[in-house]
Amino acid sequence: MDSLQLFATAAPLGCLFALIGVGFQLVYATLGALNFAQCDFAMLGGFLAVTAVQVLQVPLGVTVLLTGAAMAIVGGLFSLGVYRPLRHRPHDSLIVGMIAASIIIENVALFAWGPSPYRLAGFFGGYVLRLGQVVLPAHAVAVICVTGLIIAALFFFLEHTLLGKMLRATAQDAETARTLGIPVDRVMVGTLALSAALAGIAGVLMVPMLSLSLRVGTDVLIKGFAAAVIGGVGNLRGVILGGLFVGILDAFIAFYVSSEYVNAIVFLLVILVLFLRPQGLLGAAVQERV
Amino acid sequence: MFHRAAGRAFVALLIAVCAAAFNPLGGTFRSAPLAQAAPQSQPYIIGMVDTVTGPVAALGTSTRNGATMAVEEINKAGGVDGHQLKLVFEDSGGTNETAITAATRLMDEKPRVILGLSLSTQAFAAMPAITGKRAPVIVFGTNPKLTESGGEYAFSALPNVSALCPAAVSYALQDLHKSKVAILTTDDEFGVAANQMLVDTVKKLGAAVVSTQTLSTKAVDATPQLLKIKASGADVAISWLLENLDPLVFQQRHQLGLVIPWLSSAMLPKTVQQIASADIDGVYAMYGTNILADNTPAVRDFVTRFKARFGVPADEYGGGAFDIIHIIALGLKSATTPQQMRDYLAGLKNFQGVDGIYTATANRNLAQRAVVTRYDKDRNKVTVKTIQF
């Protein structure tokens, strides 16, 4: 029964890790850079949602959509203000730029919303489903459904729309895509906007589950990163499964092994995957010809 | 015209300096009168380093507010023997590294006394940069080993875990008549110190610790730990967590139907506001004082002034910092060297502040008191027991 409860609690968390991981993965594949501000996009999305719901009295469902749109704009601005000026500089400059942007976003949030944690009522208020001895907040079920819808829409976008195909082409080989007439620079702006929107939505969904503080994004980013590595860098399906896997693994290790060494064990697994299967559990091996 | 005027001024200054240097009465350059006059207008510098931008910035913001308010009021009333107080504040940020940098920078200001460091983890890291007989340091971190690590110049300002944890255990066992205790703490210095103190006290009082759980300070899920507590058969639980984790733990505890009596470490009012009423109803929490429920006129007045000045309710941390500045101001009347200030703090007795009475112990803890409170369904905390050590 405990295992079922752990699974029920961890699955929605895994969905959030997956959403963050997918955004992380999209940016890495397209821009070739690790976006250290991804967790701050989630945090910022959460804070925007707090303002929308608590101050402007916007319903949570509408807030999810509005926050996604607002964070897409933030992602676009981030691309124009941080990525584009640094993209031709040495890679280290880009990394430092993204870390700096992450710190700035955190401090802007601190200035705007203050240091205290925030909490929102979830979808369906505080209603809790009870299946035998297993309890599951209705909001957690909504998180699983919303995440599923978003991921389905994302796959449709990537595989069946022109923009999505341009994004995939850029991710595969930016130079070839450019010679084929794809506006690679604009696609990169769009990728960061999409990634920020995904993180922002994850942030909104997170607030009723975890409560929101300046710190909340860090652990989720780390887990999102672990999801990307375990699932397979370059493989979106792998990242989604990686997110679920990490969320559930986290809970089971804390319960059955030790709550003190959860992160150590999860990242030991990440290192093992990097050693034994660098392409991730679902990624395809790529041979380089020299 | 300008050059001629400047030249005359230079010659006049040279003559004045030579006259002073060859004064037949003294025979040497006498700068003493000038040096004596200068300190009259020089402020006494009080250094403060605390976290106002890190993940638990709410704590540092509160202590900074309390200290700022005390300095402003003392200066408005004329300062200390004609000297204004100057609070030099450095933000220790969110990591130990930023805390060390902030503390090192603060020392350049040559403060008379240093206070702050609400996070024990940061306090341990920064202590070597600020201790060593240069100025006494009064920390808000509640790990009891901080005063040891800082040496004889280090003092603890707030009731620390050596006061609050035994009080929590004692209340759980002797007042609530429970015998099987579960403990949940964070994995940082704050939580580790509390964990050890709680376990030791439970054993000392002859009861059993049936479950000991830790949470990462960045945890996003407490379900495994709460399920383990539930499965352990505990009849009471004590949690010692950072502010960011309290809403998560109380929400999940309620959802999982963990209905045993629950005692918690202190929480800031803003944190409590973010916890649903149903999640916190009936939770006990340990404080050094219950400042919002204190009807003493001086405390009520402080609470009103604090709210008017900062727009947020007063809390025990802000009250503690306010008191410490007043304690320092009193010491500055007589102590002119770091040694004298240290001796004054070490000998402090029965200073009545808004947070309660301050008396230095042999371990250099200035505040040894505890208040057990219980949250009602409106999230108000009601004092159920006061313990003065």
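Residues numbered from 1 in each chain as written. Chains lettered and ligands numbered in written order. Predicted model: local features only at pLDDT ≥ 70, side-chain atom pairs only at ≥ 80, totals over all residues. Heavy atoms only, no water.

Colleague: Sorry if this is basic, but what is going on with the packing of aromatic side chains here?
Modeller: Aromatic ring pairs are reported here in terms of the distance separating the ring centres and the angle at which the planes meet. The tally for this structure, following the rule as stated, stands at eleven aromatic pairs over all chains. Both rings, one in F47(A) and one in Y118(A), keep their centres 5.9 Å apart while their planes meet at 90°; by these two values the pair is edge-to-face. Of this pair, F47(A) sits in helix 2 (residues 38–55) while Y118(A) sits in the loop between helix 4 (91–113) and strand 1 (128–131), placing them 71 residues apart in sequence. As far as the burial class goes, F47(A) and Y118(A) line up, both buried. Aromatic pair F302(B) and F306(B): ring centres 5.6 Å apart, planes at 50°, arrangement tilted. Here F302(B) pairs with F306(B), and both are found in helix 13 (residues 297–310), just four residues apart, close to one helical turn. (Phe/Tyr/Trp six-rings, centres within 6.5 Å; stacked < 30°, edge-to-face > 60°. Helix = DSSP H or I, 4+ residues; strand = E, 2+ residues; numbered from the N terminus. Buried < 20%, exposed > 50% of the residue type's maximum accessible area, 1.4 Å probe, protein only.)

Colleague: Is there a simple way to explain the pattern of salt bridges in this structure?
Modeller: A pair can form between side chains of opposite charge whenever their charged atoms are brought close. By the definition in use, this model includes 14 salt bridges over all chains. Notably, a salt bridge pairs R309(B) with E72(B), separated by 2.7 Å at the nearest N-O pair. One end of the pair, R309(B), is in helix 13; the other, E72(B), is in helix 3 (residues 57–76), and 237 residues separate them in sequence. Judged by its relative accessible area of 40%, R309(B) is partly exposed. For E72(B), a relative accessible area of 34% translates into the label partly exposed. A salt bridge links K385(B) to D175(B); its shortest N-O distance comes to 3.1 Å. Residue K385(B) is found in strand 14 (residues 381–388), and its partner D175(B) is found in helix 7 (residues 161–175); the two are separated by 210 residues along the sequence. Under the relative-accessibility criterion, D175(B) is labelled partly exposed at 32%. Linked through salt bridges whose partners overlap, the residues forming this network are R87(A), E175(A), R178(A) and D185(A). (Salt bridge = Lys/Arg side-chain N within 4 Å of Asp/Glu carboxyl O.)

Colleague: Hey, could you run me through the sheet that holds strand 1 (residues 44–50) of chain B in this one?
Modeller: Two orientations exist for strands paired in a sheet by backbone hydrogen bonds: parallel and antiparallel. All names here are of chain B. Here we have five strands laid out as an open sheet, ordered 2-1-3-4-5, and parallel in their pairing. Two strands close off the open sheet at either side, each with one partner strand: strand 2 (85–91) and strand 5 (154–156). Between one strand axis and the next, the sheet turns through 20° on average, direction left out of account. Pairing analysis gives three bridges linking strand 3 (residues 113–116) to strand 4 (residues 137–139), with the strands arranged parallel. Residue L115 lies in a different strand from strand 4, and its bridge partner there is I138. (Pairing = 2+ DSSP bridges. Axes fitted to C-alpha atoms, helices over the stretch in contact; angles between N-to-C directions.)

In short, shape yes, function no, at least from these values alone.
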